[in-house]
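Examination of the molecular architecture
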Amino acid sequence: MKKLLPDIIKRLDIAKVKYEVHNFDSGAVMVDVFINDKFYVIQIYGDEIGLSIITEDTMPFDIIPDKSYKSVNEFNIDFEKIFNLEG
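Residues numbered from 1 in each chain as written. Predicted model: local features only at pLDDT ≥ 70, side-chain atom pairs only at ≥ 80, totals over all residues. Heavy atoms only, no water.

**Quick word on the pattern of salt bridges**
For the coordinates displayed, the defined rule picks out six salt bridges. Here D37 ties to K38 by a salt bridge, and the two come within 3.7 Å at their closest N and O atoms. Exposure remark for D37: the relative accessible area of 67% places this residue in the exposed category. The exposure class of K38 is partly exposed, given its relative accessible area of 31%. With a shortest N-O distance of 3.2 Å, D78 and K67 are connected by a salt bridge. Of this pair, D78 sits in helix 2 (residues 72-86) while K67 is found in strand 5 (residues 67-69), placing the two residues eleven residues apart along the sequence. Judged by its relative accessible area of 42%, K67 is partly exposed. Here the salt bridges share partners, and the residues they tie into one network are D47, E48 and K70. (Salt bridge = Lys/Arg side-chain N within 4 Å of Asp/Glu carboxyl O. Buried < 20%, exposed > 50% of the residue type's maximum accessible area, 1.4 Å probe, protein only. Helix = DSSP H or I, 4+ residues; strand = E, 2+ residues; numbered from the N terminus.)

In short, shape yes, function no, at least from these values alone.
This is the structure we're talking about:
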């Protein structure tokens with residue numbers, strides 16, 4: 001799933017939203033995404049990618065994503081929704 005990282009970063013750059021990429025020795029990658037007052041986390045590890053929204057109700061951050069994907073298409077559909085929700 002790491003192959004998605006350049007596309008994720010490109011989409012974030014196009015949307016002109018703030019993000020931070022964190023690479024870990026384990027090979028995992030986390031992308032923190034800040035859209036308006038929302039905070040999303042994309043977790044990439046092995047053949048899975050996860051997407052979470054972090055709110056006051058879900059704090060502290062949990063390493064288990066809200067939703068995990070093994071399908072690139074399914075992830076992309078939900079990833080695009082975060083931009084549509086923010087208008």
